[in-house]
Amino acid sequence: AKWEKMLKQAAALTIPAFLIAMPLDQIAPVHAFLHIRVWRAVTIQILLLVMLCAPVQFYVGREFYTAAAKALRHGSSTMDVLVVLGTTSGFLY
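Notes on the structure follow. As the structure is a computational prediction, the values presented were derived from the model and not from experiment. Each chain has its residues counted from 1, following the order in which its sequence is written. Selection of residues for local features in this predicted model requires a pLDDT of at least 70, selection of side-chain atom pairs for listing and counting requires 80 or more, and totals for whole chains, interfaces and linings are taken over all residues. With hydrogens and water set aside, each side-chain value is computed from the structure's full complement of heavy atoms.

1. Concerning the overall build of the chain
Reasoning step 1: Each helix and strand counted, the chain has five helices and two strands in total.
Reasoning step 2: Helical segments are the DSSP runs of H or I of at least four residues, strand segments are the runs of E of at least two, and each set is numbered from the N terminus. The order of helices and strands in the chain, counted from the N terminus, is α-α-β-β-α-α-α.
Reasoning step 3: Radius of gyration (C-alpha) of the chain: 16 Å, far over the 12 Å computed for a compact globule of 93 residues.
Reasoning step 4: When the backbone C-alpha atoms are referred to their principal axes, the chain occupies close to 50 × 35 × 15 Å.
Reasoning step 5: Relative accessibility thresholds used throughout: buried, under 20% of the residue-type maximum; exposed, over 50%; partly exposed, between the two (1.4 Å probe, protein chains only). Of all 93 residues assigned to the chain, the portion counted as buried reaches 22%.
Reasoning step 6: Intrachain contacts of the chain at a sequence separation of at least 6 include 45% that bridge at least 24 residues.
Reasoning step 7: All accessible-area figures derive from a Shrake-Rupley calculation using a 1.4 Å probe, and residue coverage is judged against the displayed protein chains alone. Split by element, the accessible area of the chain, about 6,700 Å² in all, is 73% carbon and sulfur.
Reasoning step 8: In the chain, which carries 8 positive and 4 negative side-chain charges, the distance between the mean positions of the two groups comes to 8 Å. In this treatment the radius of gyration is a C-alpha quantity, and the globule benchmark scales as 2.2 Å times the residue count to the 0.38 power. Contacts were defined at the residue level, with two residues in contact if any of their heavy atoms lie within 4.5 Å. As used throughout, the charge tally considers Lys and Arg to be positive and Asp and Glu to be negative, leaving His and the chain termini uncounted. Charge coordinates come from a single atom per side chain, which is NZ of Lys, CZ of Arg, CG of Asp or CD of Glu.

As C-alpha cells, then:
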C-alpha cells in the first residue's frame, strides 16, 4: 500500500511534467508561453518542470535517500546508493 501510494503521487506529478516537456511544447501558442524567459536562461517551462519534478525526486524518492545514507554510514554501497547517485545527477543536470 505504501509503494502504491508513492507510485500514484509520482505519476500525478510526472505525467503533467511529461506533457509540458513533450507534446504541449509542440503547440505553437503553448510553446511561445512556455519559453518566456523569467531570468537569464530560465524559462516558464523550466520552472514548471522543476516544481513538478523536485517533489518526485526528493519526497517520493526519500526512501532511496534514507536507505542510501544508511548503507553509506555502514561503509557499504547498495543499489539504493546507485539509484540516488544516478537520479540526483540526472535531476541536477
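2. Regarding the environment of Ala21
Reasoning step 1: If you trace the backbone, Ala21 turns up in helix α1 (residues 2-21).
Reasoning step 2: The partly exposed category is assigned to Ala21, whose relative accessible area is 30%.
Reasoning step 3: Ignoring sequence-local partners within four residues, the contact set of Ala21 consists of Gln45 and Leu49.

3. As for helix α4 (residues 62-73)
In an α-helix there are 3.6 residues to a turn, and that puts residues three or four apart on one side.
Reasoning step 1: Here α4 is twelve residues long and its end C-alpha atoms lie 16 Å apart, about the 16 Å a rise of 1.5 Å per residue gives.
Reasoning step 2: Looking at the residues trailing α4, positive phi occurs at Gly75, about 75 degrees. A helix is expected to reach a length of 1.5 Å times the quantity of its residues less one.

4. So, the nonpolar core
Reasoning step 1: Each nonpolar core is a collection of buried residues, namely Ala, Val, Leu, Ile, Met, Phe, Trp, Tyr and Cys, held together in the definition by side-chain atoms within 4.5 Å. Residues Ala17, Ile20, Leu34, Leu49 and Leu52 constitute the largest nonpolar core, which totals five residues.
Reasoning step 2: At the level of secondary structure, the elements contributing two or more residues to this core comprise α1 and α3 (44-60).
Reasoning step 3: Not counting residues up to four positions away in its chain, the partners in contact with Leu52 are Leu13, Pro16, Ala17 and Ile20.

5. Side note on the pattern of salt bridges
Two side chains with opposite charge may pair up if their charged atoms get near one another.
Reasoning step 1: Any Lys or Arg side-chain nitrogen found within 4 Å of a carboxyl oxygen on Asp or Glu counts as a salt bridge. Under the defined criterion, the tally for this structure stands at two salt bridges.
Reasoning step 2: Between Glu4 and Lys8 there is a salt bridge whose closest N-O contact spans 3.3 Å. In this pair, Glu4 and Lys8 are both assigned in helix α1, four residues apart and thus about one turn of the helix distant.
Reasoning step 3: Judged by relative accessible area, which is 47%, Glu4 ranks as partly exposed.

6. Quick look at α3
Reasoning step 1: Compared with an ideal rise of 1.5 Å per residue, which puts 17 residues at 24 Å, α3 spans 24 Å between its outermost C-alpha atoms and is within 8% of the ideal.
Reasoning step 2: In α3, a bend of some 30 degrees at Cys53 exceeds every other bend along the element, and Pro55, a proline, comes one to four places later.
Reasoning step 3: All buried positions along α3 are accounted for by Ile44, Gln45, Leu49, Leu52, Val56, Gln57 and Val60.
Reasoning step 4: Lining the buried residues of α3 we find α1, α2 (28-34), β1 (37-39), β2 (42-43), α4 and α5 (79-92). Bend angle per residue: angle between axes fitted to the 7 residues ending at that residue and the 7 residues starting there.

7. A few points about the side chain of Gln57
Reasoning step 1: Following the sequence through the fold, Gln57 ends up in helix α3.
Reasoning step 2: Counting of polar contacts relies on pairs of N or O atoms within 3.5 Å, with two restrictions inside protein: one atom must be capable of donating a hydrogen and the other of accepting it, and residues adjacent in sequence are counted only when both atoms are side-chain atoms. Within polar-contact distance, the side chain of Gln57 engages the side chain of Tyr65 at 2.8 Å.
Reasoning step 3: Those residues in contact with Gln57 that sit more than four places away from it in its chain are Tyr65, Thr87, Thr88 and Phe91.

8. Section: unusual backbone geometry
Reasoning step 1: Positioned with a positive phi, Arg40 is a non-glycine residue whose angle comes to about 50 degrees.
Reasoning step 2: Note that Arg40 resides in the loop between β1 and β2.

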